[in-house]
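# Working through the structure, step by step
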Amino acid sequence: MNMVAIAKILIIDDNPKYLADALPLYGYEVDIAKDGLQGIKKLTSENSNFDLVLLDVMMPNMDGWETLKAIRQNKKLENIPIIMITAINEEQKEISGLKFGADDYVVKPFILPNLLARIEALLRRSTWQKEKHSNVDLKFVKEGNIEPLTSREKEILKMVSQGASNNDIAEKLYVREVTVKTHLNSIFKKLKVKNRTQAVLLAMQMRIIED
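First, a word on what this report is: a plain description of the structure on this page. Just so we're clear, the structure is a prediction, and the values are computed from it rather than from any experiment.

The rules behind each value
- Residues numbered from 1 in each chain as written.
- Predicted model: local features only at pLDDT ≥ 70, side-chain atom pairs only at ≥ 80, totals over all residues.
- Heavy atoms only, no water.
- Helix = DSSP H or I, 4+ residues; strand = E, 2+ residues; numbered from the N terminus.
- Buried < 20%, exposed > 50% of the residue type's maximum accessible area, 1.4 Å probe, protein only.
- Salt bridge = Lys/Arg side-chain N within 4 Å of Asp/Glu carboxyl O.
- Axes fitted to C-alpha atoms, helices over the stretch in contact; angles between N-to-C directions.
- Parallel < 35°, antiparallel > 145°, perpendicular 65-115°, else oblique.
- Left-handed = near helix turned anticlockwise from the far one by under 90°.
- Contact = heavy atoms within 4.5 Å.
- Nonpolar A, V, L, I, M, F, W, Y, C, P; charged D, E, K, R; others polar.
- Core = buried A, V, L, I, M, F, W, Y, C linked by side-chain atoms within 4.5 Å.
- Arc of directions from axis to C-beta.
- Polar contact = N/O pair within 3.5 Å; in protein donor to acceptor, adjacent residues only side chain to side chain.
- Phe/Tyr/Trp six-rings, centres within 6.5 Å; stacked < 30°, edge-to-face > 60°.

Looking now at unusual backbone geometry. In this structure, Tyr 174 is a non-glycine residue whose phi angle is positive, near 55°. Relative to the assigned elements, Tyr 174 resides in the loop between α7 (166-173) and α8 (177-191). Look at Lys 192: it is not a glycine, yet its phi comes out positive at around 60°. For Lys 192, a relative accessible area of 62% translates into the label exposed.

See below:
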């Protein structure tokens, strides 16, 4: 069965075998660049359509930090989600990485489920950003036209906006996943929206939750 990839990820790493083998098993399409220069070439090529970049810090020719700066200086790439993979847990470096425009970082040796959760959360946020800029058809609803959300519903919507899945929310709130679904259906009904993306966008637009 030919499955459509969830997203296309560029791995910029001189030793990418583990990730290149693992990520496709979870439905991601993967491409590889062995160093920063090659990575930038792939990202800026005409038919480049990557959704996210995994960027290793320690690389020959052009390290991860330089690559990150170069990617962010390119207008077309300034919003692409980037996760830095760093071998050393140096607080300073990580902080400077986030300052240069990385969206997240993981420290080697990382645990795959942890990385997958971060990838998923970033892709979700990135989809919302795109929809936000392409003016999703959200008729601006006046505060008075919708039923107010309960504090639990607001709490769940806030978690959804941070990229949490129903399962994450259930675990955090110590409830069953089916309970989370019931809450979400109630939220969709009250906000008169069809899905999570619209609910989050509308909630941000109406300041029900802060961005």
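After that view, the rundown keeps rolling.
Within the structure shown, the criterion is met by 10 salt bridges. Put simply, Arg 72 and Asp 103 hold a salt bridge, and the shortest N to O gap is 3.0 Å. Pair noted here: Arg 72 is in helix α3 (residues 64-72) and Asp 103 is in the loop between α4 (91-100) and β5 (104-107), with a separation of 31 residues, a long-range link. Assessed through its relative accessible area of 38%, Asp 103 is described here as partly exposed. Lys 190 is paired through a salt bridge with Glu 153; the nearest N and O atoms lie 2.9 Å apart. Taken as a pair, Lys 190 in helix α8 and Glu 153 in helix α6 (residues 151-161) lie far apart in primary sequence, 37 residues in all. Comparing Lys 190 with Glu 153, the two get one shared label, buried.

All right, on to the packing of α8 against helix α9 (residues 196-205) then. Between α8 and α9, the shortest axis-to-axis distance is 10 Å and the interhelical angle comes to 60°. Between α8 and α9, the interaxial angle falls into the category oblique. For the element pair α8 and α9, the recorded crossing hand is left-handed. Here Leu 184, Phe 188 and Leu 191 of α8 lie close against α9, whose contacting residues are Arg 196, Ala 199 and Leu 202. Looking at the contact of α8 with α9 residue by residue, the class counts come to 5 nonpolar, no polar and 1 charged.

Our next topic: the environment of Ile 119. Inspection of the secondary structure puts Ile 119 in helix α5 (residues 112-133). The class for Ile 119 is buried, based on a relative accessible area of 0%. Residues Ile 119 and Leu 54, spaced 65 residues apart in sequence, show a C-alpha to C-alpha distance of 9.0 Å. Sequence-distant contacts of Ile 119, defined by excluding residues within four places in its chain, comprise Ile 9, Leu 23, Tyr 28, Leu 52, Leu 54 and Ile 83.

Moving on: the nonpolar core. Counting 26 residues, the largest nonpolar core has Leu 157, Ile 169, Ile 187 and Leu 191 as its most contacted members. Looking at this core, the elements that each hand over two or more residues are α6, α7, α8 and α9. By residue number, the principal contributor to this core is α9, which donates 6 residues. Contacts of Ile 169, omitting those with residues within four sequence positions, involve Ile 156, Met 159, Val 160, Ala 164 and Val 180.

Among the residues making up helix α2 (residues 36-44), those that are buried are Gly 36, Gly 39 and Leu 43. Axial view of α2: buried residues confined to an arc of 55°, hence all on one face. Of the residues in α2, the exposed ones pointing more than 90 degrees away from the buried face are Leu 37 and Lys 41. Backbone nitrogen of Leu 37 and a side-chain oxygen of the N-cap are separated by 3.0 Å at the start of α2; the cap is Asp 35.

Quick look at the packing of aromatic side chains now. One pass over the full model with this rule turns up 1 aromatic pair. For the pair Tyr 18 and Phe 110, a centre-to-centre distance of 6.2 Å together with 40° between the ring planes defines the contact as tilted. Here Phe 110 lies in the loop between β5 and α5 and Tyr 18 lies in helix α1 (residues 17-25), a separation of 92 residues in the sequence. Classification of Phe 110 as buried rests on a relative accessible area of 17%.

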